[in-house]
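Observations on the three-dimensional arrangement
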Amino acid sequence: MTDKLLICVSAPQASVARWHGGKITDCRIFSSDDAGLARFEEFLAGFKNVPAYFLVDAVEEDYRFETLPHTFGSDRTELINRKLKQYYRNKPYIAAWLQGRDSDKRRDDRYLFSALTNPDLLSGWLQVVAAQELPIAGIYLLPMVSAALPDKLQVKAPNILMVAQHSAGLRLTFLHDRQFRLSRLTRADNTRDGGHGSFIAEEISNTRLYLDALRINTLDEQLTILLLDRNNEFAEAAESLTRDNPSLSCSRLGRHELAALLEIPEALLQASPDVISLHLLGLKTPESNLAPANVTVGFRRHQARRLVYAAAAATALGAALWSAINFSLVVAARADAEDAARQTTLQQTYYQEVTRQFPAAPTSADNLKKAVEIAHALRQTARTPGTMMSIVSMALESSPSIVLREFIWNYGQNAIEAGGTPAHAAGTAARSGAAARRQSGLIAGEIRPFRGDYRAAIDTINTFAGRLARDPAVAEVQVVKLPLNVNPSLQISGNTLDSREEAGAADFRLLLIMKPNA
């Protein structure tokens, strides 16, 4: 936790405590004179960049409760500043504390305005702290820290009047529903009749009358008197209050009970009457800070510097974690690489042991590799007449009168000729570059039975050719020869008795060319 310097200033003295590790570790008292200020300055020489929190316990304090319209932002700030100037003109140490909202329809804001009306009480102590270049976090009135005390002491009453002896005198603070409402400071007078207990009982009675006059707490309402007996000197007062006021609820907490409930060593409780208030200030800072902006400018710089340090530390920590993760990944990668290298060496050893038993190879490994690559290339580019035969077979199923006599197949850059040999187109290939390889075939067949009806035979052949051409894999079908040449450009010659066709048959030839990718 952050170290703090807690300073409680009163008219006769100042109690200075060091807050470290979430508790007060040391408390010293300095008198309000030149010698005390000199000793205080020597004491601060051992501190550096430790924020100072001032707590003021003085009669010169003022509290005012005011209900204001509910506003936000700049309107609220302007309204509060106008009220502060109205109540405390030319007072440097003033504050406004929002304590809640009313329960009526308007839901107005309830404020507690407070001020230290004697700024000279603090001037000497502030100058010493400023001379040591320690940041001043804030200035608070001692009753402001009292609202947290009932919860620490496990007191659940709604109306509580806390009575405690401080260095400035007897402090009586009234709380309603855990909120501060009023506080009185009076000097103890042990010379009057009845002693200290009688004086305390009288002051409590005066405070009750004052609360009744202000209509804050009437005499008929229930009131719990909480005596904070740090020096075990309120026993007589507690007995007197209980005996003379049976309607009051009085509870006294001695030094041992206070030390146990607040977790403060009894030695520290005995060291200063302001230790309890300083302890509460160290635990939680009140919202009502009286210090103006020019006093807390050093503390704001201190906070900004701490934020920068925290951000730098977080960045450094993140970089360290990232570096650690990367380092662990590198170590793991190296270990995997070493393991892979060992496995590779082991497998190579096994391979060499196995290959020693192999017979001698007929050729080198490079030649075998090339042979495999050539075989793979041939397998990728090789074609069989199966596709073309399948197409022809499906077309023949619908033409039972066609009988195949010859099937010639070729796969190359040039299509097969009518005579059954691949065509030569060297000149064309040279002009257009290497042509794509494709399948071509020559199909020779006849019509059986043939009874001399050439027209029917030619129609059957053309239908068969058209059926082949409709297949998606076929690029072109050419009828090379028909049983009867029906070309009108040819001249008629010969003897009708000399027929090339054998009796009862009509032959034909078809040239089938497949698409390049078929």
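So, here is what we can say about the structure in this document. Keep in mind the model is a prediction, meaning the values are calculated, not measured.

**Some thoughts on the packing of aromatic side chains**
Applying the stated criterion across every chain yields a total of 11 aromatic pairs. Here Phe450 and Tyr454 contribute two aromatic rings whose centre-to-centre distance is 5.0 Å and whose plane-to-plane angle is 65°, an arrangement assigned as edge-to-face. When its relative accessible area of 25% is taken as the criterion, Tyr454 is described as partly exposed. The lysine or arginine in question, Lys4, covers the ring of Tyr53, its NZ or CZ lying 5.3 Å from the ring centre. Looking at Arg181, its charged tip hangs above the ring of Phe65, at a distance of 4.8 Å from the centre.

**Considering the state of the cysteines**
For the structure shown, the criterion picks out zero disulfides. For the unlinked cysteine Cys8, the closest cysteine sulfur is that of Cys27, found at 9.1 Å. On the accessibility criterion, Cys8 (0% relative accessible area) is buried.

**With respect to helix α6 (residues 235-244)**
Regarding α6, the residues found buried are Ala237, Ala238, Ser240 and Leu241. Buried residues of α6, seen end-on, are gathered within an arc of 165° and therefore sit on one face of the element. Away from the buried face of α6 by more than 90 degrees, exposed residues Glu236, Glu239 and Arg243 are located.

**What about the sheet that holds strand β13 (residues 249-253)?**
Two orientations exist for strands paired in a sheet by backbone hydrogen bonds: parallel and antiparallel. The strand order across the open sheet built from five strands is β11-β10-β9-β12-β13, with neighbouring strands paired in mixed fashion. The sheet is open, and its two borders are formed by β11 (179-186) and β13, each paired with just one other strand. Averaged over all pairs of adjacent strands, the angle between strand axes in this sheet comes to 20°, irrespective of strand direction. Of the strand pairs in this sheet, strand β10 (residues 169-176) and β11 are connected by seven bridges, and their pairing is antiparallel. Residue pairing for β11: Arg171 is matched across the bridge by Leu185. Strand contacts of α6: β12 (224-228) and β13, with the helix running at about 170° to β13, the strand carrying the most contacts.

**Points about the pattern of salt bridges**
Proximity of charged atoms lets side chains of opposite charge pair with each other. Here the structure, examined in full by the defined rule, presents 19 salt bridges. Residues Arg342 and Asp339 are paired through a salt bridge, measuring 3.5 Å at the closest nitrogen-oxygen approach. Placement of the pair is Arg342 and Asp339 together in helix α10 (residues 297-355), with a separation of three residues, close to one helical turn. It is possible to trace a salt-bridge network through shared partners that takes in Asp57, Glu61 and Arg171.

**Considerations on empty space enclosed by the protein**
Rolled over the atoms, a probe as big as a water molecule pinpoints where empty space is left. Under the criterion given, the structure shown has three cavities of 30 Å³ or more. When contributions to the lining of the largest cavity are tallied by element, the ones reaching two or more residues are β9 (159-166), β10 and α9 (275-283). Take the lining of the largest cavity: its biggest share by element is five residues, from β9. Empty space within the second largest cavity amounts to approximately 50 Å³. Lining the second largest cavity, in full, are Gln165, Leu228, Asp229, Arg230, Asn231, Glu233 and Phe234.

**Describing the nonpolar core**
The nonpolar side chains of a soluble globular protein tend to be buried with one another. Formed by 71 residues in total, the largest nonpolar core has its most connected members in Leu5 and Phe54. Element by element, the count of residues in this core is highest for helix α3 (residues 120-131), at six residues. Other than its neighbours up to four places away in sequence, Phe54 contacts Ile7, Val9, Leu122, Trp125, Leu126, Val129, Ile136, Gly138, Ile139 and Tyr140. Core analysis: the second largest hydrophobic core is formed by 20 residues, Ile447, Ala457, Phe464 and Leu510 among them.

**Quick word on the layout of surface pockets**
In this structure, the second largest pocket occupies an estimated 380 Å³ of space. Along the walls of the second largest pocket sit 18 residues, with Trp97, Met144, Ala147, Ala148 and Lys284 positioned nearest its centre. With three residues, the single largest contributor to the lining of the second largest pocket is strand β6 (residues 94-101). Classifying every residue of the lining of the second largest pocket by side-chain character gives 10 nonpolar, three polar and five charged.

**Overview of unusual backbone geometry**
Between Arg448 and the following residue, Pro449, the backbone shows a cis peptide bond with an omega angle of -10°. Relative to the assigned elements, Pro449 resides in the loop between β15 (438-447) and α14 (454-469). Its identity is not glycine, yet Glu133 carries a phi of approximately 60°, on the positive side. Mapped onto the fold, Glu133 is located in the loop between α3 and β8 (136-141). Positive phi, normally seen in glycine, also occurs at Asp177, with a value near 55°. Mapped onto the secondary structure, Asp177 falls in the loop between β10 and β11. Classification of Asp177 by relative accessible area gives partly exposed; the value is 47%.

**Observations concerning the sheet that holds β15**
Read from one edge to the other, the open sheet built from four strands follows the order β14-β15-β17-β16, with strand pairing classed as antiparallel. The outermost strands of the open sheet, each flanked by one partner alone, are β14 (402-412) and β16 (474-481). In this sheet, neighbouring strand axes are inclined to one another by 20° on average, regardless of whether the strands run parallel or antiparallel. Pairing analysis gives 10 bridges linking β14 to β15, with the strands arranged antiparallel. When the sheet's bridge partners are listed, Phe407 is paired in β15 with Ile443.

**Observations concerning the side chain of Ser167**
With respect to the secondary-structure elements, Ser167 resides in the loop between β9 and β10. Side chain to side chain, Ser167 and Ser10 meet in a polar contact 2.9 Å long. Separated by 3.1 Å, the side chains of Ser167 and Asp274 make a polar contact. For Ser167, the contacting residues outside a window of four places in its chain are Ser10, Pro12, Gln13, Pro273 and Asp274.

**Observations regarding the pairing of strand β1 (residues 4-10)**
Here β1 lies mainly inside the structure; seven of its seven residues are buried. Every second residue of β1 is oriented toward a common face, with Lys4, Leu6, Cys8 and Ser10 on one face and Leu5, Ile7 and Val9 on the other, all of them buried. Pairing of β1 with strand β2 (residues 13-20), which is carried by six bridges, proceeds in the antiparallel orientation. Across the sheet, Leu5 pairs through a bridge with Arg18, a residue of β2. Pairing geometry for β1 and strand β4 (residues 52-57), over six bridges, is parallel. Across the sheet, residue Leu5 finds its bridge partner in β4, namely Ala52.

How each quantity is defined
- Residues numbered from 1 in each chain as written.
- Predicted model: local features only at pLDDT ≥ 70, side-chain atom pairs only at ≥ 80, totals over all residues.
- Heavy atoms only, no water.
- Phe/Tyr/Trp six-rings, centres within 6.5 Å; stacked < 30°, edge-to-face > 60°.
- Buried < 20%, exposed > 50% of the residue type's maximum accessible area, 1.4 Å probe, protein only.
- Lys NZ or Arg CZ within 6 Å of the ring centre and 35° of its normal.
- Disulfide = S-S within 2.5 Å.
- Helix = DSSP H or I, 4+ residues; strand = E, 2+ residues; numbered from the N terminus.
- Arc of directions from axis to C-beta.
- Pairing = 2+ DSSP bridges.
- Axes fitted to C-alpha atoms, helices over the stretch in contact; angles between N-to-C directions.
- Contact = heavy atoms within 4.5 Å.
- Salt bridge = Lys/Arg side-chain N within 4 Å of Asp/Glu carboxyl O.
- 1 Å grid on protein atoms, 1.4 Å probe; cavity = no way out; pocket = protein on both sides within 12 Å on 5 of 7 lines; lining within 4 Å.
- Points joined across faces, edges and corners; volume = space filled by probe spheres on them.
- Core = buried A, V, L, I, M, F, W, Y, C linked by side-chain atoms within 4.5 Å.
- Nonpolar A, V, L, I, M, F, W, Y, C, P; charged D, E, K, R; others polar.
- Polar contact = N/O pair within 3.5 Å; in protein donor to acceptor, adjacent residues only side chain to side chain.

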